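Summary of the model geometry
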Amino acid sequence: MEEIISTISSYVWSAPLVILCLAAGLYFSFGTRFVQVRRFGEMVKLLFSTDKTQKTGISSFQAFAMALSGRVGTGNIVGVATAIGYGGPGAIVWMWIIAFLGAGSAFAEATLAQIYKDEHNGQFRGGPSYYIEKGLKCKWLAIIFAVCSVLACGIFLPPVHSNGIATSFSNAFGIDTMYVGIIVAVLIALVIIGGVKRIANVAQIIAPLMAVIYIILSIVVLICNAGNVPSAFKDMITSAFGMNEMLGGILGSTIAWGVKRGIYSNEAGQGTGPIVAAAAKVSHPVKQGLVQAFSVYIDTLLVCTATAVMILATKTYNIYDGDGNLLFASPIAQLGAPDVSYTSTALGTLVGSTWGNIIISVALFFFAFTTVMAYYYYAETNVVYLFGNGRKEKIAIWCVRFSVIGMVFFGSLHEAKTVWDLGDIGVGSMAWINVIAILLLSPKVFKLLKSYEKQKKQGKEPEFHPEEMNIKGADFWEKKKNDSA
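The text that follows walks through the structure, step by step, so that each part is easy to find. (Residues numbered from 1 in each chain as written. Predicted model: local features only at pLDDT ≥ 70, side-chain atom pairs only at ≥ 80, totals over all residues. Heavy atoms only, no water.)

Some words on the environment of F124
Turning to its location among the elements, F124 is positioned in strand β2 (residues 123-125). For the pair F124 and V276, spaced 152 residues apart in sequence, the C-alpha separation works out to 9.3 Å. (Helix = DSSP H or I, 4+ residues; strand = E, 2+ residues; numbered from the N terminus.)

Structure follows, in structure tokens:
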């Protein structure tokens, strides 16, 4: 079974998907005239703004925190170690590149999610399924994405994060992974059964706080290893572009692992970020597009980089080629295949191995826990899309809840390789559909951004009127205008 899963993952994450994601990021970056740079200051400002005229929905900051919960997770600690282990230090540079370009993709998909969102039982719902059906008029593809999302977020992805928690706690405290799985499953149940409001309230406290604390810890490690930091960056740059003699032969793996782990971590283009973006109450779709673009920066350029430089500066990593041959062995510690031990050992060079394991375990717990919360919300939203109102919807939602809880426990008992492959299949399938969809809908994104910036230049508070821009299917915004008329 493990071989079958690994084979499927390799097909899903083939070179064409890597190229497609990079090309989409380039296309949206140039098409928006690098809005992720030009509007950076506005991104930060909009974090704390919200449309107070709307009673439905969550605030922009809560939507940002929920998106950050989904983005900042196991991928920032274990995923970075995996990227370095199989792609070398240069994989981190490709994670940066996909994050910078991916911010353009994230802007596009979040803006589309706001354009085509719906109001459902006192909440906003939206995302790729909604804009594929309403924008592309392609319901069958929307259904396929929704099914992929429910399978990926409700089944494939939660075990990846619970596995990271269980492994790290077992290493740090000697607790059996089964008991860790039970505890995490119970805690997840207490949060997700409370619905989107409870998820948002928990996320807005935990996600930003843990990101800040983790970055501060990483900076302390780097200060103590300041002499090695320049060489760490040099290794990243030379390895990224095949200039490193020892690692030049794995350049293809360097790019592939950097892009794959970059997308897995920051979720740009994957199709999960816009699900949360649609839940926010904003006065114009572009505003939430800018907020979600900013969350990509926090994830990869800050948190992932903190992990990477900490590992590289302390040299607590091994590098393997595609055949599993060891190319570089850590001179500091005896390490095996890439896992959480790379990061905990790096921190352990400063505080000792015991405390290194404990601190990383706690950080990983909070990062992974909030990510699973976000995954549940993604799956729930697509269940609502598939089943609508009524008894079937309620039954399906409870099925997803039990699925997430069960898969959290499952992940704690199985090896990382299997659950990572399952996660890659889920992420890759969603990315294929979503990236193609947002590319086809890109004219609407460019048109909306142009209108938004024109109104800002005129000193107006931007307003979105879909009929004036010949955008059909934006039912919520049309209804909002009629209600205020």
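A word on a nonpolar patch on the surface
Among the surface-exposed residues, F173, I175, M178, Y179, I182, I183, V186, L187, L190, V362 and L413 lie close enough to one another that they form a single nonpolar patch of about 930 Å² accessible area. Of all the elements, helix α11 (residues 177-192) adds the most residues to the nonpolar patch, at seven residues. Looking at the secondary structure, you find V186 in helix α11. Judged by its relative accessible area of 47%, V186 is partly exposed. (Patch = residues over 30% accessible without salt bridge, like charges linked within 9 Å, V, L, I, M, F, W, Y side chains within 5 Å. Areas by Shrake-Rupley, 256 points an atom, 1.4 Å probe, with all protein chains shown as cover. Salt bridge = Lys/Arg side-chain N within 4 Å of Asp/Glu carboxyl O. Buried < 20%, exposed > 50% of the residue type's maximum accessible area, 1.4 Å probe, protein only.)

Some words on the nonpolar core
The biggest cluster of nonpolar side chains holds 144 residues, and the ones touching the most others in it are I132 and I188. Per element, the largest residue contribution to this core is 18 residues, and it comes from helix α18 (residues 353-387). Not counting residues up to four positions away in its chain, the partners in contact with I132 are K137, C138, L141, A142, F145, I433 and A437. (Core = buried A, V, L, I, M, F, W, Y, C linked by side-chain atoms within 4.5 Å. Contact = heavy atoms within 4.5 Å.)

Some thoughts on the packing of α18 against helix α19 (residues 391-411)
Viewed as axis vectors pointing N to C, α18 and α19 meet at an angle of 155°, and their least axial separation amounts to 9 Å. Classified by the angle between their axes, α18 and α19 sit roughly antiparallel to one another. The hand of the α18/α19 crossing is right-handed. Residues V372, Y376, A379, E380, V383, V384 and F387 of α18 touch α19, and the partners they reach there are K392, E393, A396, I397, V400, R401, V404 and V408. (Axes fitted to C-alpha atoms, helices over the stretch in contact; angles between N-to-C directions. Parallel < 35°, antiparallel > 145°, perpendicular 65-115°, else oblique. Left-handed = near helix turned anticlockwise from the far one by under 90°.)

So, the side chain of T316
By the secondary structure assignment, T316 is in the loop between α16 (285-314) and β3 (319-320). Among the polar contacts listed, one links the side chain of T316 to the backbone oxygen of Y342, at a separation of 3.2 Å. Once you skip the residues sitting within four places of it in the chain, T316 turns out to touch I311, S330, I332, L335, Y342, T345, A346 and T349. (Polar contact = N/O pair within 3.5 Å; in protein donor to acceptor, adjacent residues only side chain to side chain.)

Some thoughts on unusual backbone geometry
Positive phi values are uncommon outside glycine, yet R33 reaches one of about 55°. Tracing the sequence through the fold places R33 in the loop between α2 (15-31) and α3 (35-38). Of note, the phi angle at K137 is positive, near 60°, even though the residue is not glycine. With a relative accessible area of 60%, K137 lands in the exposed category.

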